[in-house]
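Okay, here's what each chain looks like letter by letter:
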Amino acid sequence: MGSDYYDDAFADDIARVRDPAWTDPDPKQSARIRARVTDLATELADQLSTRVQTLPSDAPEGAHLVVRDAGDWVLARMRALREIRTAAETLADESAGTAGIRGAGYPQLGDAWAITRQGARKKWPRAVSAMSEPPAGQESRTTIEAFGGTADLSWHAIEGGWWWIGQGADGTPGDAGEETTYDTREEAAANAGAFLQQHAVPTIANGDTK
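Structure report, in brief. Please read these numbers as outputs of a predicted model, since none were measured by experiment.

A closer look at the overall build of the chain
Then comes step 1: Across its full length, the chain carries eight helices and four strands.
Then comes step 2: Along the chain, from the amino end to the carboxyl end, the secondary structure elements read α-α-α-α-α-α-α-β-β-β-β-α.
Then comes step 3: Classification of the 210 residues of the chain by burial places 25% in the buried group.
Then comes step 4: Relative to all contacts within the chain whose residues are 6 or more apart in sequence, the contacts with residues 24 or more apart total 50%.
Then comes step 5: About 14400 Å² of surface is accessible on the chain, with carbon and sulfur atoms providing 52% of the total.

Structural notes on the environment of Gly174
Then comes step 1: For Gly174, the position within the fold is in strand S4 (residues 173-175).
Then comes step 2: Judged by its relative accessible area of 14%, Gly174 falls in the buried class.
Then comes step 3: With 23 residues separating them in the primary sequence, Gly174 and Ala151 have C-alpha atoms 8.8 Å apart.
Then comes step 4: Look past the residues within four positions of Gly174 in its chain and what remains in contact with it is Trp164, Ile165, Gly166 and Phe195.

Focus on the sheet that holds strand S3 (residues 161-167)
Then comes step 1: Read across the sheet, four strands follow the order S1-S2-S3-S4 without closing on themselves; strand pairing throughout is antiparallel. What marks the edges here is a single partner per strand, and that holds for strand S1 (141-146) and S4. When strand polarity is set aside, the average angle formed by the axes of neighbouring strands in this sheet is 20°.
Then comes step 2: In this sheet, S3 lies alongside strand S2 (residues 149-156) in antiparallel orientation, the contact comprising seven bridges. In the strand pairing of S3, Leu153 is matched with Trp164.
Then comes step 3: On top of the sheet, helix H8 (residues 185-198) reaches S1, S2, S3 and S4; it is set at about 20° to S3, its chief contact.

As for the nonpolar core
Then comes step 1: Ranked by size, the top nonpolar core spans twelve residues in total: Ala151, Leu153, Trp155, Trp162, Trp163, Trp164, Ala176, Tyr182, Ala188, Ala192, Phe195 and Leu196.
Then comes step 2: Of all the elements in the fold, those that place two or more residues in this core are S2, S3 and H8.
Then comes step 3: The greatest single-element share of this core, amounting to four residues, is contributed by H8.
Then comes step 4: Look past the residues within four positions of Trp163 in its chain and what remains in contact with it is Asp152, Leu153, Ser154, His156, Asp175, Ala176, Gly177 and Thr180.

Thresholds applied
- Residues numbered from 1 in each chain as written.
- Predicted model: local features only at pLDDT ≥ 70, side-chain atom pairs only at ≥ 80, totals over all residues.
- Heavy atoms only, no water.
- Helix = DSSP H or I, 4+ residues; strand = E, 2+ residues; numbered from the N terminus.
- Buried < 20%, exposed > 50% of the residue type's maximum accessible area, 1.4 Å probe, protein only.
- Contact = heavy atoms within 4.5 Å.
- Areas by Shrake-Rupley, 256 points an atom, 1.4 Å probe, with all protein chains shown as cover.
- Pairing = 2+ DSSP bridges.
- Axes fitted to C-alpha atoms, helices over the stretch in contact; angles between N-to-C directions.
- Core = buried A, V, L, I, M, F, W, Y, C linked by side-chain atoms within 4.5 Å.

This is the structure in structure tokens:
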């Protein structure tokens, strides 16, 4: 591969987080992953099992395979699987931090781990670096007026999402909530609009309020 491959366009592309970033494993890949984890858990269980550890030196060849039918060996495998799970969680924490440094936001981290954006923010509160700019072509702050009230929509850089705060026509204040942001400005606007509608002031035919 020639050096021309690593040009400015390549560098710009590497700096951009692709969306989607992955494809889901197909059935064959999932089966292969399961088989490799099974082999690893079995190997570790043999090392952890007290039954295997105490096999006499003159035990028949393959005796360690027979004792895998024992319930205590199965418990040793469960302990091995717990260790594998802990290792996977640790690797996920490291990956989340690295992905955040390189431009991924909480919506993407949540998708990768099959949890919500808010769940990802709680799980990895310091993973995402400040995202100083909202999505391309959108202002970081805008105001909507509806049902006699107003709401401000704003881009939260750290959390990579939209938030709203407003006041209904009846004077009731409201906001998205301390731990809530939205993936799109339209979603934030819809929720703000629903709040303004709920706190509209009823009118009669001549325009006077009731």
